[in-house]
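Coordinate analysis (summary)
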Amino acid sequence: MPPFLLLTCLFITGTSVSPVALDPCSAYISLNEPWRNTDHQLDESQGPPLCDNHVNGEWYHFTGMAGDAMPTFCIPENHCGTHAPVWLNGSHPLEGDGIVQRQACASFNGNCCLWNTTVEVKACPGGYYVYRLTKPSVCFHVYCGHFYDICDEDCHGSCSDTSECTCAPGTVLGPDRQTCFDENECEQNNGGCSEICVNLKNSYRCECGVGRVLRSDGKTCEDVEGCHNNNGGCSHSCLGSEKGYQCECPRGLVLSEDNHTCQGIPVLCKSNAIEVNIPRELVGGLELFLTNTSCRGVSNGTHVNILFSLKTCGTVVDVVNDKIVASNLVTGLPKQTPGSSGDFIIRTSKLLIPVTCEFPRLYTISEGYVPNLRNSPLEIMSRNHGIFPFTLEIFKDNEFEEPYREALPTLKLRDSLYFGIEPVVHVSGLESLVESCFATPTSKIDEVLKYYLIRDGCVSDDSVKQYTSRDHLAKHFQVPVFKFVGKDHKEVFLHCRVLVCGVLDERSRCAQGCHRRMRRGAGGEDSAGLQGQTLTGGPIRIDWED
């Protein structure tokens with residue numbers, strides 16, 4: 001039987017052998033990166049923020065310069081080498097507790113737990129901990145490590161008989177009887193706080209909800225009585241009256257559900273469209289339309305909805321620094337006749353609402369030879385601005401028009417593999433550069449064993465052939481089928497790093513094409529400073545049996 005590439009799912013019937021569950025204290029992955037430590041503050045001039053997108057449900061142990069264990073107190077944003085550091089919201093267990101569940105929180109924008117997930121923790125013999133960490137749903141999140149203090153020795157009772165470590169206030173002695181771990185005061189009666197308890201390093205603090213303030217005891221909360229006290233808790237204007245007070249927003253902003261915070265017009269940035277919802281009370285008797293006046297708003301009674309794609313309605317797509325920016329302008333002018341919704345008056349002569357969606361430029365996508373997880377789009381979040389998806393397609397021939405759909409291909413060595421980087425949304429004015437493509441025997445993008453097909457925008461393997469495409473964002477390639485040496489290497493994964501640029505920008509990285517030894521210049525770009533994400537597919541099995 002000749003060798004071929006085949007994607008397989010293995011099902012075993014009849015008598016089965018249950019795998020032996022390994023003790024996570026003896027089977028874990030070490031996290032020892034220095035930037036992971038809580039003392040490491042993010043400096044984007046030294047490199048982009050990092051992301052734990054490779055973490056995916058395995059057991060991990062913090063060691064080396066990463067720290068002794070996860071911090072159990074709130075870590076300020078822009079630490080641990082990233083924007084949103086992740087800390088353990090709960091105390092570490094004792095050895096006799098076995099495996100326990102704890103909440104892990106990511107700190108960002110002044111919120112100690114803006115994002116959270118559940119992780120598992122176990123105390124191991126020898127005084128260390130292991131953690132089963134889930135993959136963060138978005139970037140940029142990194143699980144932090146922390147160096148805890150070693151306690152001072154002190155004598156209790158007869159010093160000639162024994163000495164015992166004591167820890168500073170706000171810390172407790174760990175299972176190794178030497179390390180002082182932070183004490184989570186919030187676990188006991190919510191720290192005495194009437195509403196919100198936030199654990200800090202060796203301490204804690206109480207907080208109150210919107211529109212409420214702490215009393216002098218620092219624990220209980222009370223309603224804000226008027227505008228004279230902390231502006232009534234209002235984010236913008238506070239208007240007092242005999243019956244109390246109320247928060248007001250400047251024109252163009254609306255009051256959120258908490259009745260204290262003003263927020264802008266909601267804009268939803270989708271992969272292929274932009275959606276704007278404008279409150280009716282802001283619109284009044286105006287008719288809304290975009291730069292292309294044929295694109296108009298539709299009222300649902302409470303809001304006026306405008307939905308448009310990145311290619312229509314006069315939307316302008318441009319590249320600004322490390323982002324793709326799509327923009328349009330919502331204009332409101334008085335209606336010529338009263339509308340069916342009962343708009344008989346107007347309160348302003350014109351309304352202008354600039355609408356902007358931002359997408360990152362750099363993407364890393366991965367796939368096996370055969371797209372068994374067909375067309376999983378790469379969705380990149382950029383500060384919740386939007387997603388701009390790519391897929392890695394396997395095509396049947398060098399026309400690059402018909403990808404494999406339901407039936408999986410059978411590929412033999414010395415056959416040709418046709419693959420392409422395809423944008424889900426085809427937008428004019430943009431182009432892409434495949435900076436690198438490399439193969440690995442596993443799905444891990446940081447696999448030590450890797451074979452480069454493209455590097456620094458240059459073809460590394462002379463057998464790689466690139467085809468021209470009518471779409472500047474699509475890239476098509478041909479390469480002979482291959483496998484890694486060794487009988488244990490039965491799978492092949494392909495990873496490609498893609499950068500998006502403006503077509504007319506002659507100084508962009510895309511315009512440079514093949515360019516080794518990239519350096520940062522005064523007018524050039526450094527793609528290492530741009531953000532990327534990973535999507536993994538496969539695996540592909542290579543059958544060598546005759």
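Structural data are supplied above this passage.
Every chain is numbered on its own, with residues counted from 1 as its sequence reads. Given that this is a predicted model, residues contribute local features only at a pLDDT of at least 70 and side-chain atom pairs are listed and counted only at 80 or more, while totals for whole chains, interfaces and linings are drawn from all residues. With hydrogens and water excluded, all non-hydrogen atoms of the structure serve as input to the side-chain values.

1. What to know about the overall build of the protein chain
Only DSSP runs of H or I with at least four residues qualify as helices, and only runs of E with at least two residues qualify as strands; both kinds are numbered from the N terminus onward. Along the backbone of the protein chain there are 2 helices and 41 strands. When contacts within the protein chain are restricted to residue pairs at least 6 apart in sequence, long-range pairs at least 24 apart make up 62% of them. Areas reported here follow the Shrake-Rupley algorithm with a probe of radius 1.4 Å; residue values treat only the protein chains shown as occluding. Accessible surface, the protein chain as shown: approximately 28800 Å² in total, 48% of it carbon and sulfur. Between two residues, a contact is recorded if the distance between any of their heavy atoms is within 4.5 Å.

2. Focus: the state of the cysteines
Put simply, a disulfide is two cysteine sulfurs that come within 2.5 Å. For the coordinates displayed, the defined rule picks out 15 disulfides. A sulfur-sulfur distance of 2.1 Å marks the disulfide that ties cysteine 80 to cysteine 144. When the S-S torsion is 120 degrees, as for the bridge of cysteine 80 with cysteine 144, the disulfide is right-handed. Pair noted here: cysteine 80 is in the loop between strand 3 (59-62) and strand 4 (84-89) and cysteine 144 is in the loop between strand 8 (141-143) and strand 9 (149-150), with a separation of 64 residues, a long-range link. Both residues of the pair, cysteine 80 and cysteine 144, belong to the buried class. Any residue under 20% of the maximum accessible area for its type is buried, any over 50% is exposed, and the rest in between are partly exposed; the area is computed with a 1.4 Å probe on protein chains only.

3. Considerations on the sheet that holds strand 38 (residues 475-480)
The antiparallel open sheet is built from 4 strands, whose spatial order is 31-33-38-37. In this open sheet, the two strands that pair with only one neighbour each are strand 31 (390-395) and strand 37 (465-467). When strand polarity is set aside, the average angle formed by the axes of neighbouring strands in this sheet is 25 degrees. With 6 bridges joining them, strand 33 (residues 416-423) and strand 38 adopt antiparallel strand pairing. Looking at strand 38, one finds that isoleucine 421 is bridged to lysine 475. When DSSP locates at least two bridges between a pair of strands, those strands are taken to pair. Axis lines are fitted to C-alpha atoms, over the contacting stretch for helices. Their N-to-C directions set the angle, which ranges from 0 to 180 degrees.

4. Description of the nonpolar core
Residues enter a nonpolar core if they are buried and are Ala, Val, Leu, Ile, Met, Phe, Trp, Tyr or Cys, with the set joined through side-chain atoms within 4.5 Å. By size, the foremost hydrophobic cluster in this structure holds 54 residues, and its most contacted members are Ile278 and Phe419. When residues of this core are assigned to their parent elements, the largest contribution, 5 residues, is made by strand 29 (residues 351-360). The residues contacting isoleucine 278, other than those within four sequence positions of it, are Ile265, Val283, Leu288, Thr302, His303, Val304, Val330 and Ile353. Counting residues in each nonpolar core, the second largest holds 33 residues, with Leu31, Leu88, Val121 and Val198 among its members.

5. Observations concerning the sheet that holds strand 8
The strand order across the open sheet built from 7 strands is 2-3-7-6-5-4-8, with neighbouring strands paired in mixed fashion. One side of each edge strand has no neighbouring strand; the edge strands of this open sheet are strand 2 (29-31) and strand 8. Between one strand axis and the next, the sheet turns through 40 degrees on average, direction left out of account. One ladder, built from 4 bridges, connects strand 4 with strand 5 (residues 99-108); its direction is antiparallel. Across the sheet, valine 86 pairs through a bridge with alanine 106, a residue of strand 5.

6. Here's the deal with the pattern of salt bridges
By salt bridge we mean one thing: a side-chain nitrogen of Lys or Arg within 4 Å of a carboxyl oxygen of Asp or Glu. If you walk through the whole model with that rule in mind, you get 10 salt bridges. Across the salt bridge formed by arginine 36 and glutamate 33, the nearest N and O atoms sit 2.9 Å from each other. Judged by its relative accessible area of 0%, arginine 36 is buried. Connected through salt bridges with shared partners, the residues Glu33, Arg36 and Asp52 form a single ionic network.

7. Looking at the packing of aromatic side chains
Any Phe, Tyr or Trp ring, taking Trp's six-membered ring, that has another such ring centre within 6.5 Å forms a pair; planes under 30 degrees apart are called stacked, those over 60 apart edge-to-face, and the others tilted. Inspection of every chain in the model, using the stated rule, returns 8 aromatic pairs. Centroid distance phenylalanine 395 to phenylalanine 400: 5.4 Å. Interplanar angle 75 degrees. Geometry classified as edge-to-face. There is no split in this pair, since phenylalanine 395 and phenylalanine 400 are both buried. A ring pair is formed by phenylalanine 400 and tyrosine 418, whose centres lie 6.0 Å apart and whose planes are at 80 degrees; its orientation type is edge-to-face. With phenylalanine 400 in the loop between strand 31 and strand 32 (411-412) and tyrosine 418 in strand 33, the pair connects residues that are 18 residues apart, well separated along the chain. As far as burial versus exposure is concerned, phenylalanine 400 and tyrosine 418 are alike and both buried. Counting as a charge over the ring demands two things of the Lys NZ or Arg CZ atom: a distance within 6 Å of the ring centre and an angle within 35 degrees of the ring normal. Stacked on the ring of phenylalanine 438, the Lys or Arg lysine 450 has its end atom at 4.5 Å from the ring centre. The lysine or arginine in question, arginine 455, covers the ring of tyrosine 452, its NZ or CZ lying 4.0 Å from the ring centre.

8. Here's the deal with the environment of glutamate 222
Here glutamate 222 is to be found in strand 17 (residues 221-223). Residues glutamate 222 and glycine 209, 13 residues apart in the sequence, show an inter-C-alpha distance of 9.7 Å. Among residues more than four places away in sequence, those in contact with glutamate 222 are Arg212, Val213 and Arg215. Pairs of N or O atoms are called polar contacts if they sit within 3.5 Å, as long as, within protein, a hydrogen donor faces a hydrogen acceptor (for residues adjacent in sequence, only side-chain-to-side-chain pairs). Among the polar contacts made by the side chain of glutamate 222, one reaches the side chain of arginine 215 at a distance of 3.4 Å.

9. Some details on the environment of proline 169
As for its position among the elements, proline 169 is in the loop between strand 11 (164-166) and strand 12 (171-173). Under the relative-accessibility criterion, proline 169 is labelled exposed at 73%. Each C-alpha atom of the pair proline 169 and serine 203 lies 8.5 Å from the other, and the pair is 34 residues apart in sequence.

10. A word on unusual backbone geometry
Of note in the backbone geometry, cysteine 80 takes a positive phi value of approximately 60 degrees without being a glycine. With relative accessibility at 0%, the residue cysteine 80 sits in the buried group. Despite not being glycine, cysteine 313 shows a phi value in the positive range, around 60 degrees. The residue cysteine 313 is located in the loop between strand 26 (303-309) and strand 27 (316-320) in this model. Since its relative accessible area comes to 8%, cysteine 313 is described here as buried.

11. Brief notes about the pairing of strand 28 (residues 323-334)
Alignment of strand 24 (residues 286-289) against strand 28, held across 4 bridges, turns out to be antiparallel. Bridging from a neighbouring strand, phenylalanine 289 pairs with threonine 331 of strand 28. Both strand 27 and strand 28 contribute to a ladder of 5 bridges, which runs antiparallel. Paired with valine 317 across the two strands is alanine 326, which belongs to strand 28.

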